[in-house]
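Reading the structure
Chain by chain, the residues:
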Amino acid sequence: MDDQGCPRCKTTKYRNPSLKLMVNVCGHTLCESCVDMLFVRGSGNCVQCDTPLRKSNFRVQLFEDPAIDKEVEIRKKVLKIYNKRDFDFSSLREYNDYLERVEEIVYNLTNNLEVEGTKQIMEAYQRENRDTIQKNKAKLTREQEELEELLLLEQQGNEQRRLETLQEEQRQLQAKRKSKQALLDELERSHVPATILLAQHKDRAAQLETQIEKQKQVVKTTIFSTGIPMGQTVSLLSVARLEEDLYLYQPIHIHTYGPPVPELEQLGRLGYLNHVRTAQPQDMAGGYNSGLACHRAIQDAFSGLFPPLG
Amino acid sequence: MPVLGGATDITTATPGHHGNHCIKAKSQSFTMFHISSQKKFWTFDNEESLEQLRYEANQKYRNKMFASGKPGVSDALFLEAHEENVLFRHYEKRLLDFCNAFKPVMPKSVVGTAIMYFRRFYLNNSLMEYHPRTIMRICAYLSCKVDEFNVSSTQFVGNLVQESAAGQERALEQILEYELLLIQQLNFHLVVHTPYRPMEGLLIDLKTRYPLLENPESLRKSVDDFLTRATLTDSGLLFPPSQIALTAILNSASRAGLSMESYLTECMGLKEDKETLLKMYDAMRRIKSLMKKYELPKPDEVNAYKVKLERVHADFGTNSNAKRKRGYEDDDHVAKEPRMTEEEWTDEDLDLDEL
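Residues numbered from 1 in each chain as written. Chains lettered and ligands numbered in written order. Predicted model: local features only at pLDDT ≥ 70, side-chain atom pairs only at ≥ 80, totals over all residues. Heavy atoms only, no water.

Taking an unreviewed UniProt entry as the reference, chain B is identified by name as Cyclin-H belonging to Coregonus suidteri. Word for word, the UniProt comment on chain B under Subunit (unreviewed entry) is "Associates primarily with CDK7 and MAT1 to form the CAK complex. CAK can further associate with the core-TFIIH to form the TFIIH basal transcription factor." What the UniProt record of chain B gives under Sequence similarities (unreviewed entry) is the line "Belongs to the cyclin family. Cyclin C subfamily." (UniProt positions renumbered as here; feature names shortened; annotations may be inferred.)

The name given to chain A in an unreviewed UniProt entry is CDK-activating kinase assembly factor MAT1, with Coregonus suidteri as the source organism. In UniProt, chain A has this text filed under Function (unreviewed entry): "Stabilizes the cyclin H-CDK7 complex to form a functional CDK-activating kinase (CAK) enzymatic complex." We quote the UniProt Subunit (unreviewed entry) comment for chain A here in full: "Associates with CDK7 and cyclin H."

Looking now at the overall build of chain B. A count of helices and strands for chain B gives 17 helices and zero strands. Of all 355 residues assigned to chain B, the portion counted as buried reaches 51%. Contacts in chain B between residues at least 24 apart in sequence constitute 76% of all its contacts with a sequence separation of at least 6. Within the structure as shown, chain B displays about 17400 Å² of accessible surface, and the carbon and sulfur contribution to it stands at 54%. (Helix = DSSP H or I, 4+ residues; strand = E, 2+ residues; numbered from the N terminus. Buried < 20%, exposed > 50% of the residue type's maximum accessible area, 1.4 Å probe, protein only. Contact = heavy atoms within 4.5 Å. Areas by Shrake-Rupley, 256 points an atom, 1.4 Å probe, with all protein chains shown as cover.)

Now for a nonpolar patch on the surface. All names here are of chain A. A cluster of nonpolar residues, Leu62, Phe63, Ile68 and Val72, forms a patch on the protein surface that exposes about 350 Å² of accessible area. By the secondary structure assignment, Ile68 is in helix α3 (residues 66–81). Ile68 sits in the partly exposed class, given a relative accessible area of 39%. (Patch = residues over 30% accessible without salt bridge, like charges linked within 9 Å, V, L, I, M, F, W, Y side chains within 5 Å. Salt bridge = Lys/Arg side-chain N within 4 Å of Asp/Glu carboxyl O.)

Moving on: the packing of aromatic side chains. In this structure the tally under the stated criterion is 18 aromatic pairs over all chains. Each ring, one from Phe89(A) and one from Tyr98(A), has its centre 4.9 Å from the other, and the planes form 45°; the classification is tilted. A ring pair is formed by Tyr141(B) and Phe156(B), whose centres lie 5.2 Å apart and whose planes are at 70°; its orientation type is edge-to-face. With Tyr141(B) in helix α7 (residues 132–146) and Phe156(B) in helix α8 (residues 153–158), this residue pair connects regions lying 15 residues apart in the sequence. (Phe/Tyr/Trp six-rings, centres within 6.5 Å; stacked < 30°, edge-to-face > 60°.)

Now for the packing of helix α6 (residues 108–124) of chain B against α7(B). Residues and elements named next belong to chain B. The geometry of α6 relative to α7 is characterised by a closest axis approach of 8 Å and an angle of 135° between their N-to-C directions. With respect to their mutual orientation, α6 and α7 come out oblique. Where α6 crosses over α7, the handedness of that crossing is right-handed. Taken together, the residues of α7 that come into contact with α6 (itself represented by Val110, Thr113, Ala114, Tyr117, Phe118, Phe121 and Tyr122) are Pro132, Ile135, Met136, Cys139, Ala140, Leu142, Ser143, Cys144 and Val146. When grouped by side-chain class, the residues that make up the contact of α6 with α7 number 14 nonpolar, two polar and no charged. (Axes fitted to C-alpha atoms, helices over the stretch in contact; angles between N-to-C directions. Parallel < 35°, antiparallel > 145°, perpendicular 65-115°, else oblique. Left-handed = near helix turned anticlockwise from the far one by under 90°. Nonpolar A, V, L, I, M, F, W, Y, C, P; charged D, E, K, R; others polar.)

What follows concerns the nonpolar core. Counting 110 residues, the largest nonpolar core has Phe118(B), Phe156(B), Leu202(B), Leu246(B), Met260(B), Tyr263(B) and Met268(B) as its most contacted members. Sorting elements by how many residues they give to this core places α6(B) first, with ten residues. Setting aside chain neighbours within four positions, we find Leu202(B) in contact with Ala301(A), Phe302(A), Ser242(B), Ala245(B), Leu246(B), Ile249(B), Tyr263(B) and Met268(B). (Core = buried A, V, L, I, M, F, W, Y, C linked by side-chain atoms within 4.5 Å.)

This part covers the sheet that holds strand β2 (residues 29–31) of chain A. All names here are of chain A. Pairing is antiparallel in the open sheet, where three strands are placed in the order β2-β1-β5. Either end of the sheet is taken by a strand with one partner, and the two such strands are β2 and β5 (59–60). Relative to β5, strand β1 (residues 21–23) runs antiparallel, the two sharing two bridges. Bridging from a neighbouring strand, Met22 pairs with Val60 of β5. (Pairing = 2+ DSSP bridges.)

What follows covers the side chain of Glu179(B). Turning to its location among the elements, Glu179(B) is positioned in helix α9 (residues 165–185). Using a relative accessible area of 10% as the deciding quantity, one classes Glu179(B) as buried.

So, about the pattern of salt bridges. Residue and element names in this part refer to chain B. A complete count under the given rule lists 37 salt bridges over all chains for this structure. Linking Glu129 and Lys64 is a salt bridge whose minimum nitrogen-to-oxygen distance equals 2.6 Å. With Glu129 in the loop between α6 and α7 and Lys64 in helix α4 (residues 47–68), this residue pair connects regions lying 65 residues apart in the sequence. Two residues, Glu92 and Arg119, come together in a salt bridge whose shortest N-O distance is 2.5 Å. Taken as a pair, Glu92 in helix α5 (residues 81–100) and Arg119 in helix α6 lie far apart in primary sequence, 27 residues in all. Accessibility expressed as a relative area gives 0% for Glu92, which makes it buried. Residue Arg119 is classed as buried on the basis of its relative accessible area, which comes to 5%. Salt bridges sharing common partners tie together Glu51, Arg54, Glu92, Arg119 and Asp234.

Here it is in structure tokens:
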């Protein structure tokens, strides 16, 4: 971001890295202070392209290239109208055509080509599909709500866990303190010699430790991995049986159109290897053995030897 | 693909650089003929279909020339399909001689592959459009690459003894220009199964399972000879290489007066299967007749047609080294067409009248 300067006051961007660039609907950038200065009346003209703009239309730039910000804004507006989803179409081809049209519109508006024509097309579409647009909007909001609920639940879960671990730690600290205090008290009061008391204390401390370890290991599970919360009564009615054709493995059978080739392992026994040059030590080092070449030659000799039947 | 050598060798004398890719044999499926592109796309049913393809290639070139509206185009200037055939055989023989004289010694499978490329190329293209002298060299060059017979490009053009050093460089440039065209016309099916390895395999099988034939090695020379002559015919485009190898062996055996009838019936288990046996005999007969039909082209015919060919290339050839310097963008066959059709698609689709 540092290599981009505000087109108006240029130096101010380098001097003040915390200054943000703002983009408007024409795709040109201005730094925050310049925006305040130029649009003190609320509206004015762009410095670079002289289009009439409003101060409220300035948004903080998210991308390095202001053209991208412009396109993102346009896309948001277009998708508010063209909000059909993939299951609204009967074939993949139609969906792709629809997407192609949307992209065309976004492209045109971003690059200022045929703006009037495109706007008219959008309006026509909006008029024709008013009810589908509404339906999809409703669907979208519902989905967003569900997502937000899930997020909220997750957050709450995290919070809870955090609090619990904090409480655990506190309890452990307290227990330690108590045992120390108890030791001191006993050293003061009891008649038992000090070494024995210390030994007892050590034992108790060790016991506490193991207790804490055990507690840590007891994972507080409230929910099974499948999502069913523990303690919930599960219905014992029989589940409907799904009958489907099981997959049966069929080994691959490749027709060689020739006589059967002996297996690689059998070649020695069958006497083929006597007629092949024996492998030298330097060949064997690489993993070669004479059976491989022999097998290859036999395969090639038999492949396609018989004419296809019929 | 591993290269085959003499006597009982299956690999070449220096296993250092060729031994290791015998490991490919383990994965039997991918390299075998019965699932290869050669079987699927480059094996035809009969000689008539091949003749038809060549005739169509010739016609296509003629039509293209007539349609192009170039001055001086007339039927008499062009070669007929059978005349092209004579020249084809002449240049094919030249290719074979070139490969045989090649230094270092070119393995037989490389030679076989080169000739097969040459043959396949001119199945769908006319000699008038692409000069066989150029294509001949490229076939050899590509074949060396594909068959892993490593020859550097300078070493390759060093074998063009009739050219000067500058001529060799020009030849190399020409080769590199047309290489992609060749690959494209081969439909990118570059693996060719030649009959040499099947021959080795059959010899091994004979030695192992067929004691009736006393010394199969004695047949090797005449079998080799047969196979070389077979590459100069269309048999590679009509029959599987194993059948050609079998024909070669049976033919050599009968020439030497040795009987091998029971090999097919006993060892191959075809005693009961009369139908397959008949078909195989039929195929072998056809291969032999193809070989008999082959004759070296007559010199006077060759010269006459060569004159015509040179004339066509000089007048209508789009060939000129200077123009083709920076290669592929100018060549219609290489890059332009696919790109053009792509643009057409996008233009249609953006047609907003649909809305």
